[in-house]
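Spelled out from the first residue to the last, the chains are:
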Amino acid sequence: MLRAQVNHEAVCEQVVSLGRRCKPVHPTVEGRLLEVLVQRGSVAESDREGVFASLLSGEGDFEAVLLDRYRVPKAELGAALSEVHQCPYVAYDERAVIESRLLKNLSVDYLRKNFWVPLRREGSVVDILIDDPRDADKGYDVRRAFPGGTVRYAVGLRRDIGARTFDHWLKH
C-alpha cells in the first residue's frame, strides 16, 4: 500500500490561516526535537505552532529560531539533541583544541559549511562533532576522511561548530 507524502508544516500553516489550532504530527528530526523540548517544558505547548510558522516564514534555521526567538537555553537544546540523536551532546568549550593532524587532509571551508569537525583520535577511534549524526551524506564524508576507523559521533549546535569555533580552534 502506498502512503502519500504529506507536508505537515504546510498543512498546519493552512489550518492556522483558517483560524483553527493545529497540532501537527512531525515525522522529521525537527519535529521530534520540538516534541522533546515541549515534553521537557523548554518550549510551551502553545508555542509549538509558532515555531514551525517562524520556520515557514524564513525567520532562520530551526536552531536559531529555538535559541533566539523562543529563548531555549543552549544546554537544554543540547540535551534534547542528545536524546533525539542517541549520542552525547558536546557544548562549545573555548579551551578545547582540535588536533591539527586530524585536519591535515580536510578542507576547513568544507567543514565549516557542513557543520562537522573531528575532535580527537584515540587509536582507530575518531570522535566527530556534528550537527546531524543521521545525515547520510555527512556520514559518508566522515568515513571517507577516516577510512578503516571507528567513528563515534557527538552532536553539537550549528552555531558552536561554525566559523567562530573553527577560528578559535585553529589558533591553537
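Residues numbered from 1 in each chain as written. Predicted model: local features only at pLDDT ≥ 70, side-chain atom pairs only at ≥ 80, totals over all residues. Heavy atoms only, no water.

**Q** Requested: an account of the confidence of the model for the chain, with residues and values cited.
**A** Here the chain averages 82 in pLDDT, and 78% of its residues register 70 or above. Note on residues 1-8: pLDDT under 50 across the span, and five contacts to partners over four residues away in sequence or across chains. Below pLDDT 50 for its whole length, residues 18-26 participates in 19 contacts with residues either more than four positions away or in separate chains. (pLDDT = per-residue confidence, 0-100. Contact = heavy atoms within 4.5 Å.)

**Q** Tell me what's going on with helix α5 (residues 74-85), and back it up with residues and numbers.
**A** Helix length check: α5 (twelve residues) gives 16 Å between terminal C-alpha atoms against 16 Å at 1.5 Å per residue, within 8%. The elements touched by buried residues of α5 are α2 (29-39), α4 (62-69) and β3 (150-155). At the C-terminal side of α5, Q86 shows a positive phi close to 60°. (Helix = DSSP H or I, 4+ residues; strand = E, 2+ residues; numbered from the N terminus. Expected span 1.5 Å × (residues − 1).)

**Q** Lay out the pairing of strand β2 (residues 125-130) with the relevant residues and their values.
**A** Most of β2 sits out of view: five of its six residues are buried. Note that strand β1 (residues 116-122) and β2 share six bridges and pair antiparallel. By the bridge assignment for β2, R121 is matched with V126. Here β1 folds back onto β2 in antiparallel fashion, the turn holding two residues, of which G123 has a positive phi close to 65°. With six bridges connecting them, β2 and β3 associate as parallel partners. Paired with D127 across the bridge in β3 is R152. (Buried < 20%, exposed > 50% of the residue type's maximum accessible area, 1.4 Å probe, protein only. Pairing = 2+ DSSP bridges.)

**Q** Let's hear about the sheet that holds β1: which residues, and what values?
**A** The strand order across the open sheet built from three strands is β1-β2-β3, with neighbouring strands paired in mixed fashion. Pairing within the sheet leaves two strands with one partner each, and these edge strands are β1 and β3. Across the sheet, the axes of successive neighbouring strands diverge by a mean angle of 25°, strand direction being ignored. (Axes fitted to C-alpha atoms, helices over the stretch in contact; angles between N-to-C directions.)

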